[in-house]
Each structure stands twice: as structure tokens, then as C-alpha cells.
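# Per-entry structural report
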Amino acid sequence: MQYILALDQGTTSSRAILFDHEGTIKAVAQREFEQIFPQPGWVEHNPEEIWSSQISVAVEVLSRAELRPRDIAGIGITNQRETAIVWNRQTGHPVYNAIVWQDRRTAGLCDQLKAEDREALIQQRTGLLIDSYFSASKIAWILDNVAGARQLADSGQLAFGTVDSWLMWKLTSGRLHLTDASNASRTMLYNIHTAQWDDELLRLFRIPRSMMPEVRASSEVYGEVTTTLGLGGVPIAGIAGDQQASLFGQQCCSPGLTKNTYGTGCFTLQNTGTRAVPSRNRLVTTVAWKIGDAMEYALEGSVFIGGAVVQWLRDGLGLIHTSAEIEELAASVADNGGVYFVPAFVGLGAPHWDQYARGSIFGLTRGTKAGHLARAALESIAYQVADLLAAVQSDTGTRLPELRVDGGAASNDMLMQFQADILGIPVVRPAVTETTALGAAYLAGLGVGYWRDVKEIASARNERRFEPTMASSQREALRQRWNEALARAKAWEH
């Protein structure tokens, strides 16, 4: 019996997960890696540590399952998106640390582009808004600030990649420099209508075209692993950015189907089919995936700080020892006690896009307890997702029948019930919540013929459906107070 191996390279850890033909998990291995914060608002990773952690868990998961490379039908890669890595083609060494999607160092450059009225051009071609979240300004920063980088780039010696491209390069010993359409669409340099790198945008950011990877479909055989580290000869056959992979793993393969992933951040995507729907509400229009010649699109809203607010309560304040303890602490109080937490540690994402908002807690009194802070932190995640879904519904003109959920914080029953209550629609949690890795596995499996087509992929098994129970008057009152807190946290750094 053969399996599909998903390499899930995330923001805080690298994982490898084996799936069988039914979409059931055979084995998992995971390793965290260092988060580097050189200055306030800067976030970096060591690309070599990304690689070493990812290949080590890939080898470990085969060992745990007592499998050999010949037992693996194909490998799918899914990755933290927008994170920019630039490396030397000759040496294979990065010229600088990976600049992570959360990093805000290029906010000033983005402000300058907005002042030059570039936003309409960029949104029309890429579907994205000007923001330091995306890769383009990060690449420009590296070329402008790393000694010798500009000269090397101009002479064709540097390569850029999002994390999938870096892993592909390493897995194939530098033979393949490529990405898929879903990751390309997150760079702010890819024209989602022509399916090409956009020369005018490359000139705008002063990025040589020679740095850019080849853009391929999300499901096809790209090549085989050449490394001798325990995976040699296995075909690599699927690539998708983590949120698009999650959309595919949740089987949101028809227009209108919507999912939210509760990870470090929160990411809401709605499938819009073969139509790239422009947003009037500051969401982004992105490539969902490309299979064969068919490109499909999605509307997406991103929250920068989702589950990371729980990590902050754990590591920053020491209120809890493990992330799992948050639910019990939040349940120790009957409600939020009037406390509202806006976790804008690195600004606010969609639909607000305020680079200068900062984390704020409102409504504290002498009666406030740790439980109230915990509850307000959990509720802040649900409020931010509700803001995204309101924007999605406004853009598409359709009411959502349900929200499909996944990610680490989706296992928190209190959060999921509050999410259903504050939205007023059911929240559906699948039996396999590792839908990001599952989506990468599905794409790879389709690429090698492990599954014949999308219809053959096992239908998702739901573990629990959370029905809304809150009165609409209470829902509206809570959201009104959230909006007041949000307004006070905005533009703090201005």
C-alpha cells in the first residue's frame, strides 16, 4: 500500500504528515524552529533551519510509519506564504534571513507607493492591496540593504523564492527553481489574469526578472527528490500556499464554499471559481489553484494575529503554561466582563489594513481577572473572522450557509461556539483538521494518479457542527463594542 507525504512548512514549525487513500493520517512528525525578532516589527527565519527542520521531519515520519521511499507515491508541499528568501544560485546559500510574512519593515516603502497612486494598478493586475505583508517589498529591501546583493541580482546570480521554491530547490539539489500559481499570486509581482510575472511591477520594485522562479500548475509531477536523505527518487507532484491548500483540503471546490483556518493568523477564503472577483472591501483576489489548464480563484481575508494571541498569553504574560489551557481559563468566567482585546501586535490585516494599529486591551476594571483576559483573547479571534466574512458577503452578494473551519485553534470548542454565535451561521469542523496538509496531499495524489480526479477524493467527514444559539440583539451589541475597541486601536503609531 502506498501513501502520500505532505510537507507542511508553517510559520512556527515544519511538519510531515502521511496520508492513505482514504485521506486518513498514518503518521505525523513536527519540529519547531527559531523565531527571530531583530527589531520591533521585524520577523525573520533562518532558511537553512527551515530546510533542516523540514527534511528531518520528513525522514522521521517515514521511520515512525516503518516505510521506505518506494512506499510513497508522491510528495505535496504546502507552505507559509509571502515569506521571501533570496539565495545565491552558485553557492545555494541565502544572502539574508527569510523575511517573514508578518514583518512590517517595508511599511514606509508601501506608503510611498500608495502616495504615488500605484494601488489601482497593483490591485488590478495582482488582485492584492499594497502592503508589506506580500513578498515584493521584502525582496526589494534585501536587494537595497544587503551588501553586494544588488550587483549579484543584476548579474543573474540571485534567486528569489517563497518557501515552497526554497524547499523545491533543496530537495532537487538546485535543479528546479519553480513555484505554483497560488504562491506566485502572493508576491505582488504576478499578473493573475495573464498568468505571467508582470514586467512593469518588476521594474517598479527594481527586481530583475532573472530572480523569479518558473510558475507551474499546483498539481503535476515537477521532478524527483535527488537528496540522499531518505527520500531519493520520490516524485514531487503538488504545491500550494497553505491557505489555498486548506481550501482544497476542505473540498471547497465549488464557488461560494468558504473556510477559515485558525493558525498563527486567521485566513478566510471563498472559492469564486474561474472568475477573479475584484473586492470593494479591501479583501484580496488570489489564485486558489491551477490544475491542468484551469485556473481557479478565491477571495481572501487575512488576520495577522489569530492563535498567536494565545501564544502571547502563554509566553509573554505567563497566564497559561500550554496553549490548550486557554479554554479552561476562559471558561472560569461567565462572560468577558466588558473586556475587549484587539491583538494588533503587527498592525491589522483585512479588511482594515492598518499598518500602524497596535495591540490594545479595553474595559479593564479592578474586577478583571485572568479569565476575562483569556476570554477576551479568544473572542478577539472570532470578531476578526466575523469582520472578514462580512466583507466577503458584501463583495459576492451572497449569504454564507456555513463556515468550514480548521487549524490548531479550531479544536477549541468555546471559540468555535462563540464563532457560530457571533456569525449567526453554523460552524463545521471536519474529523481531520489537518486540512492544509491534506490539501497538499490531494494535489500531489492527483498529480501522480493516486486519485483519478477530484470526485474520487474521499468526501470530508465532519466531526462536529456548532449551531448558533445567541440572540441577534446580543450579537449586535457585542459587535458594536468590538468595533469601538477596534477604532481606538487604529493608527496608534501615527
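Structure's up top.
These remarks concern the structure in this document.

Parameters and conventions
Residues numbered from 1 in each chain as written. Predicted model: local features only at pLDDT ≥ 70, side-chain atom pairs only at ≥ 80, totals over all residues. Heavy atoms only, no water. Core = buried A, V, L, I, M, F, W, Y, C linked by side-chain atoms within 4.5 Å. Buried < 20%, exposed > 50% of the residue type's maximum accessible area, 1.4 Å probe, protein only. Contact = heavy atoms within 4.5 Å. Phe/Tyr/Trp six-rings, centres within 6.5 Å; stacked < 30°, edge-to-face > 60°. Helix = DSSP H or I, 4+ residues; strand = E, 2+ residues; numbered from the N terminus. Pairing = 2+ DSSP bridges. Axes fitted to C-alpha atoms, helices over the stretch in contact; angles between N-to-C directions. 1 Å grid on protein atoms, 1.4 Å probe; cavity = no way out; pocket = protein on both sides within 12 Å on 5 of 7 lines; lining within 4 Å. Points joined across faces, edges and corners; volume = space filled by probe spheres on them. Nonpolar A, V, L, I, M, F, W, Y, C, P; charged D, E, K, R; others polar. Expected span 1.5 Å × (residues − 1). Polar contact = N/O pair within 3.5 Å; in protein donor to acceptor, adjacent residues only side chain to side chain.

Once that is clear, we can look at the nonpolar core. The nonpolar side chains of a soluble globular protein tend to be buried with one another. Counting residues in each nonpolar core, the largest one holds 130 residues, and the members touching the most others are I139, L189, I207, M211, Y262 and I422. Dropping the residues within four chain positions of it, I207 is found in contact with A136, I139, A140, L143, L189, L202 and M212. Residues A65, L67, L167 and M168 belong to the second largest nonpolar core, which totals 38 residues.

Next up on the list: the packing of aromatic side chains. Tallied over the entire structure, the rule returns 21 aromatic pairs. Taken together, a centroid distance of 6.1 Å and an interplanar angle of 70° make the contact between W101 and Y133 edge-to-face. In this pair, W101 is assigned in the loop between β7 (98-99) and α2 (107-115) and Y133 in the loop between α3 (119-126) and α4 (135-145), connecting sequence segments 32 residues apart. In this structure, W101 and Y133 share a single accessibility class: buried. With centroids separated by 5.5 Å and ring planes inclined at 90°, the aromatic side chains of Y383 and F418 adopt a geometry described as edge-to-face.

Moving on to the sheet that holds strand β2 (residues 13-19). Ordered by their spatial adjacency, six strands build an open sheet running β3-β2-β1-β5-β14-β13, and the pairing between neighbours is mixed. The sheet is open, and its two edges are formed by β3 (25-32) and β13 (219-224), each paired on a single side. Strand-to-strand twist of the sheet, defined as the mean angle between neighbouring strand axes without regard to direction, takes the value 25°. By the bridge criterion, three bridges tie β13 to strand β14 (residues 235-241) in an arrangement that is antiparallel.

As a further point, take empty space enclosed by the protein. Counted according to the given criterion, the structure contains two cavities of 30 Å³ or more. Computed from the structure, the second largest cavity encloses a volume of approximately 40 Å³. Along the walls of the second largest cavity sit V303, L348, G349, A350, P351, H352, Q384, D387, W482 and L486, which together make up its complete lining. When residues of the lining of the second largest cavity are traced back to their parent elements, those giving at least two are α12 (370-396) and α15 (472-489). Taken together, the residues of the lining of the second largest cavity break down into six nonpolar, three polar and one charged.

Let us now look at helix α1 (residues 47-64). Over its 18 residues, α1 extends 26 Å from the first C-alpha to the last, a length consistent with the 26 Å expected when each residue adds 1.5 Å. Those residues of α1 that sit buried are P47, I50, W51, S53, Q54, I55, S56, V57, A58, V61 and L62. Where α1 begins, one side-chain oxygen reaches toward the backbone nitrogen of E48, 2.9 Å away; that side chain belongs to N46. Trailing α1 by a residue or two, E66 shows a phi angle of about 55°, which is positive.

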